[in-house]
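Each chain is listed here by its residues.
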Amino acid sequence: MKKIYLRQNELLEIAKIIKDHLPGIKVFIHRHERNIVLDLPRNIDRLKIEELKTKLKIKYSNYQFSVFYF
């Protein structure tokens, strides 16, 4: 099985996509091997979150994205 490493550059690109899609909202990003966890506030529209996850999954198909709410 091939190991996949997430470079700092890719993490910053993911953060920029999130910032452009959800401006003004505080988001925490954590990485655990191939899983990228997004911590979002509860008051965000679920449709926007699904659009964001779809956009990220298309561009970064090697990673699994999970969303948690605070």
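Refer to the structure above for everything that follows.
First things first, this report covers the structure right here in the doc. (Residues numbered from 1 in each chain as written. Predicted model: local features only at pLDDT ≥ 70, side-chain atom pairs only at ≥ 80, totals over all residues. Heavy atoms only, no water.)

### A few points about unusual backbone geometry
The backbone of E33 sits at a positive phi, close to 55°, despite the residue not being glycine. Take E33: it is sitting in the loop between β1 (28–32) and β2 (35–40). (Helix = DSSP H or I, 4+ residues; strand = E, 2+ residues; numbered from the N terminus.)

### Re the environment of N43
Among the secondary structure elements, N43 is positioned in the loop between β2 and α2 (46–59). Owing to a relative accessible area of 69%, N43 belongs among the exposed residues under this scheme. Between the C-alpha atoms of N43 and F70, which are 27 residues apart in sequence, the distance is 9.5 Å. (Buried < 20%, exposed > 50% of the residue type's maximum accessible area, 1.4 Å probe, protein only.)

### Some thoughts on the packing of aromatic side chains
This model, assessed by the stated rule, comprises 2 aromatic pairs. A ring pair is formed by Y60 and Y63, whose centres lie 6.4 Å apart and whose planes are at 45°; its orientation type is tilted. Judged by relative accessible area, which is 6%, Y60 ranks as buried. Judged by its relative accessible area of 4%, Y63 is buried. (Phe/Tyr/Trp six-rings, centres within 6.5 Å; stacked < 30°, edge-to-face > 60°.)

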